[in-house]
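What follows is the residue order along each chain.
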Amino acid sequence: MKKIKKFSLILLALLGIIFLATFIFIQTLKPDYEGEKQLLNLSDEVSVYYDSYGIPHIYGDSEEDAIRALGYVHAQDRLWQMELLRRVGRGGLSEVFGSELLSTDKFFISLGIDEASLKTLERSEITNKTVQLAEAYLDGINQFIKEGPTPVEFYLTGIDKEPFSLRDVYNSIGYMAFSFAMAQKTDPLLTVIKNKLGPEYLKDLEIDVDKNTEWIRNFKSAPEDSKEAQVVASISKALANLPVPQLEGSNSWVMAPAKTKSGKVILANDPHIGFAQPSVWYEAHVNASGYEKYGYYMAGIPFPVLGHDRNLAYGVTMFENDDVDFYYEETHPTDNKKYKTKEGWKNYEIVSKPIKIKDSIDVIFSYKKTHHGPVLDSISQKIGGDKPISISWIYTKLENRVLDALYGISHANNIDEFQKALPDIHAPGLNMMYGDKEGNVAWWATAKLYQMPDSAQTKLIMDGSSGAYEPLRFLEFSENPSSVNPSWNYVYSANNQPDSIAGMQYPGYYLPENRAKRIVQLLDEKDDWDKNSMMDMITDATSSVNPEIISNLTKLVDVKQLSEEDINLLDKLRSWDGNSPLKSVEATIFHRWIYYFLSNTFEDELGPELFQQLLTTHFHKRLIAPMARKKSSVWWDNTQTVETVESKKNIVLTSFVMALKSLKEEFGDRSSQWTWGKVHTLEHGHPIGQVEMFRSFFNVGPFPVHGTREVINNMFFPYTADGQNKVSSGPSTRRIVDFADIENSMSILPTGQSGNPLSPHYKDQAQMFINGEFRKMMMNKEEIMTTSKSMLQFSPKGN
């Protein structure tokens, strides 16, 4: 008995020691928000004050010292995110996650992001201020890697921390540029539809310029197993596995003094990006002699993409211009090392790269390149056929000065200096939104645009051998769409189609007019905007288009075939105002109906796989309202019913009945239970949170969430057969910058400032974001110091 008791005490003591050791170890993994540290290469002390949401307010004598401290504090909150982002462009995800990411690595290696980064490095000069500040930022990151605690994700995946370099910065920018592109999801799919069904099936897909949609106005003073289908499937698979979010769309508007109550400029911006944990932006307020910026930083990039100071503010939306083209290449009939060009036969360039795979041997990946770009046949064994398909992307073809542009806009003091930096952004295409204390408001579409021959249909795969479909010229930046201090006293962008560019309508993958129409409607209504009304507007969840869609569909429903209860639901939809709060039943019915409307219209011709890929494109969003209006279309007939020719009326009624049936099966016969909050939910997923046992620790949510697709509060979800409208992308921040009260401008992040799950700031903004609440972007130093929750003091460290 004594031995058992003694053994029990020993076991209890061991368990206590293990628990204590585990607790102490976990504490060492947390970010360190207070105390004193030494940093190499500092010239003087730097103070970092953390506010109550973990946002660092950095004060240094020199900008290099301040940005060196920024690198350190950014890394301690976001090193794992930095690690993933730098790996995408160079094809390094398989080393972390295993062979499931091999096709993703192959795709991004073949895009040539890393190759373009190396070329940019060859041209970099150490005397360049951009490079000097970037290296200072990297100093801070690398000192944290060397001396700081290792984030828990590195232990779980078994990878080592490695120093960051300027090459990693450019690779991160390269991924950002590609994630804005839409052609890779669209052009091969449209070519499949044309080849399989015929050109008449493209007419109703809204792929061309729409002359009847809400435009952004300029204002300037004075076969299913086909090769194409295989390309679509391979690209979709490569992008679906990405463990980092993709950039989707955005809203922004800037009000001139004549439109505001105070007579001062107000800027609003909410870039739409895939939801993930951690969220995309890292906020930091950087101060040095002669420099101040409250900025939003992407992981591993030293200059803010969004920002403001006491003189000016800027934001971004996605331009959605077409900067990717696909070409059929023609291989020599007797020499497969050659391909045909206008000048004659040329040799394919062969590129070979090693890919490390977790728990496996390295793979040597080889692919071909033409003068257009990489040949996609190599990314998947499923891509075969006689005609290789290459991809031409403007980002890798021209000199990369995007980092210089980010430096330039973040250091501009006025509108002229700001505009001067913009031509350096060749890709991705961005709408740069601007306002300042002097009363200027402006929008510029920034990208290196190019003119194609009139005969070129850039949304299809083009003939690459004849030379007939090559760019004719690059446009001057002055020819890009823009609006500077327009007479209507505001500028805006909602990723919708811009007005004519250099006398032509520029091809792109623009989003439907829904958000733009609502924005213009609200902005035109009043001239006394203030910060509070702006905060209300940026969380607006009403669609002015969805009630029009309902009106066009309900008039076709034969009510004689419905029950009295179903007719009552149809009447409720007819009177719906298009708002999508959590208690809305109308929103639930509407989106279930639209899914079946799309499915019954397109899936019989396309098949299940291509239909799902259609739903990943922007143009499927553009075609919903027009298809609801159209009386005739080749798509209405169900190709699987040989003896019957279906009409739109058949599809509309069948889809409505199917929608109600599925809702009754899921929630019961009482329609009052079909509330929007039950089906429209948001969960911020962490890559490791995809493993069920880690989900509750790493993921944030799920939350029922108001808003919907293509409203200002754009909580986008993909349409799926199960009707579970799980939000995948939306506002990555909501910012209101008010020059009448610049120190009390407002913002919010979707989850929190930190990417470390052990930090108190990992998810402390999540419920506020769901509720549509805001917090202050603090700029007053005295207020920051007196309210600061903690402070880090950096001092110079000897070599």
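The rules we used
Residues numbered from 1 in each chain as written. Predicted model: local features only at pLDDT ≥ 70, side-chain atom pairs only at ≥ 80, totals over all residues. Heavy atoms only, no water. Helix = DSSP H or I, 4+ residues; strand = E, 2+ residues; numbered from the N terminus. Buried < 20%, exposed > 50% of the residue type's maximum accessible area, 1.4 Å probe, protein only. Areas by Shrake-Rupley, 256 points an atom, 1.4 Å probe, with all protein chains shown as cover. Pairing = 2+ DSSP bridges. Axes fitted to C-alpha atoms, helices over the stretch in contact; angles between N-to-C directions. Parallel < 35°, antiparallel > 145°, perpendicular 65-115°, else oblique. Contact = heavy atoms within 4.5 Å. Nonpolar A, V, L, I, M, F, W, Y, C, P; charged D, E, K, R; others polar. Expected span 1.5 Å × (residues − 1). Salt bridge = Lys/Arg side-chain N within 4 Å of Asp/Glu carboxyl O. Arc of directions from axis to C-beta. Patch = residues over 30% accessible without salt bridge, like charges linked within 9 Å, V, L, I, M, F, W, Y side chains within 5 Å. Lys, Arg positive; Asp, Glu negative; His and termini not counted. Charge placed at Lys NZ, Arg CZ, Asp CG, Glu CD. Left-handed = near helix turned anticlockwise from the far one by under 90°. Phe/Tyr/Trp six-rings, centres within 6.5 Å; stacked < 30°, edge-to-face > 60°.

**Remarks on the overall build of the protein**
Secondary structure summary: the protein contains 25 helices and 30 strands in total. When the 799 residues of the protein are sorted by exposure, 60% land in the buried category. Summing over all exposed atoms, the protein offers an accessible surface of approximately 30900 Å²; the carbon and sulfur share of this is 51%.

**Remarks on the pairing of strand β10 (residues 324–328)**
Within β10, 5 of the 5 residues are buried, which leaves it mostly tucked inside the rest of the structure. The two faces of β10 match: Val324, Phe326 and Tyr328 on one face and Asp325 and Tyr327 on the other face are all buried. Strand direction decides the pairing type here: β10 and strand β15 (residues 389–393), joined by 5 bridges, are antiparallel. Bridged to tyrosine 328 within β15 is isoleucine 389. As paired strands, β10 and strand β19 (residues 462–463) are joined by 2 bridges and run parallel to one another. In the sheet register, tyrosine 327 faces β19, and the bridge partner there is methionine 462.

**Considering the sheet that holds β10**
An order of β15-β10-β19 is seen for the 3 strands of this open sheet, with the pairing classed as mixed. The open sheet has two free edges, formed respectively by β15 and β19, since each of these has just one partner strand.

**Some words on the sheet that holds strand β23 (residues 680–684)**
The strand order β24-β23-β25 describes an open sheet built from 3 strands, whose pairing is mixed. In this open sheet, the two strands that pair with only one neighbour each are β24 (700–704) and β25 (725–727). Ignoring which end each strand starts from, the neighbouring axes of this sheet average 25° apart. Summarising the sheet, β23 and β24 pair through 3 bridges and their orientation is antiparallel. Paired with leucine 682 across the two strands is phenylalanine 703, which belongs to β24.

**Remarks on the packing of helix α17 (residues 564–574) against helix α21 (residues 648–667)**
Axis angle and axis distance: for two packed helices, these are the angle between their axes and the distance between the axes, and together they describe the pair. Axis separation between α17 and α21 bottoms out at 12 Å; the angle between their running directions is 105°. Between α17 and α21, the interaxial angle falls into the category roughly perpendicular. Together, Asp566, Leu569, Leu570 and Leu573 of α17 and Phe656, Leu660 and Lys664 of α21 make up the contact between the two elements. Class assignment for the residues of the contact of α17 with α21 results in 5 nonpolar, no polar and 2 charged.

**Remarks on the environment of tyrosine 49**
Tracing the backbone shows tyrosine 49 in strand β2 (residues 46–50). In this structure tyrosine 49 comes out as buried when scored by relative accessible area, which is 12%. The spatial distance from the C-alpha of tyrosine 49 to the C-alpha of glutamate 34 is 8.6 Å, given a sequence separation of 15 residues. Apart from the residues within four sequence positions on either side, tyrosine 49 is in contact with Ile55, Pro56, His57, Tyr59, Ile784, Met785, Ser788, Ser790 and Met791.

**Overview of helix α8 (residues 166–179)**
With 14 residues, α8 should reach 20 Å at 1.5 Å per residue; the first-to-last C-alpha distance of 20 Å fits that figure. With 13 of 14 residues buried, α8 lies mostly within the body of the structure.

**Quick look at the pattern of salt bridges**
Scanning the model with the defined rule gives 33 salt bridges in all. As a salt-bridge pair, aspartate 424 and arginine 401 come within 3.3 Å of each other at their nearest N and O atoms. Of this pair, aspartate 424 sits in the loop between α13 (415–421) and β16 (430–436) while arginine 401 sits in the loop between α11 (394–397) and α12 (402–410), placing them 23 residues apart in sequence. On the basis of relative accessibility, which here comes to 23%, the residue aspartate 424 falls in the partly exposed class. Since its relative accessible area comes to 32%, arginine 401 is described here as partly exposed. When the shortest N-O distance is used, the salt bridge between aspartate 571 and arginine 574 registers 2.8 Å. Here arginine 574 and aspartate 571 lie together in helix α17, a separation of 3 residues that amounts to about one turn.

**Quick word on the pairing of strand β9 (residues 312–318)**
Of all 7 residues that make up β9, 7 are buried, and the element is covered over most of its length. Note: strand β8 (residues 306–308) against β9, 2 bridges, orientation antiparallel. Each bridged residue has a counterpart across the sheet, and for histidine 308 the counterpart in β9 is alanine 313. Adjacent in sequence and paired antiparallel, β8 and β9 are bridged by 3 residues. Here 7 bridges tie β9 to β16, and the two strands are oriented antiparallel to one another. In the sheet register, valine 316 faces β16, and the bridge partner there is methionine 432.

**Digging into α17**
Regarding α17, the residues found buried are Asp566, Leu569, Leu570 and Leu573. Taken around the axis of α17, the buried residues stretch over an arc of 100°, which confines them to a single face.

**Quick look at a negative patch on the surface**
On the surface, a cluster of negative charge is made up of Glu36, Asp44, Glu45 and Asp61. The class of aspartate 61 is exposed, set by a relative accessible area of 51%.

**A closer look at the packing of helix α2 (residues 63–90) against helix α6 (residues 129–147)**
One can describe the packing of α2 onto α6 by two numbers: an axis separation of 7 Å at closest approach and a directional angle of 50°. Put simply, α2 runs oblique to α6. The handedness of the crossing between α2 and α6 comes out as right-handed. Here α2 contributes Glu63, Glu64, Ile67, Arg68, Leu70, Gly71, Tyr72, His74, Ala75, Gln76, Leu79 and Met82 to the contact with α6, which in turn contributes Lys129, Gln132, Leu133, Ala136, Tyr137, Asp139, Gly140, Ile141, Gln143, Phe144 and Ile145. Residues of the contact of α2 with α6, tallied by class, amount to 12 nonpolar, 6 polar and 5 charged.

**Some words on the packing of aromatic side chains**
Throughout the structure, instances matching the rule amount to 35 aromatic pairs. A ring pair is formed by phenylalanine 597 and tryptophan 636, whose centres lie 5.9 Å apart and whose planes are at 40°; its orientation type is tilted. With phenylalanine 597 in helix α18 (residues 586–606) and tryptophan 636 in the loop between α20 (619–629) and α21, this pair connects stretches of sequence that are 39 residues apart. Taking relative accessible area as the criterion, phenylalanine 597 reaches 2% and is therefore assigned buried. A relative accessible area of 3% means that tryptophan 636 is categorised as buried. Three or more aromatic residues joined by ring pairs make a cluster, and in this case those are Phe107, Phe108, Tyr175, Phe178, Trp393 and Tyr395.

Treat this as a map of the structure, not an account of what it does.
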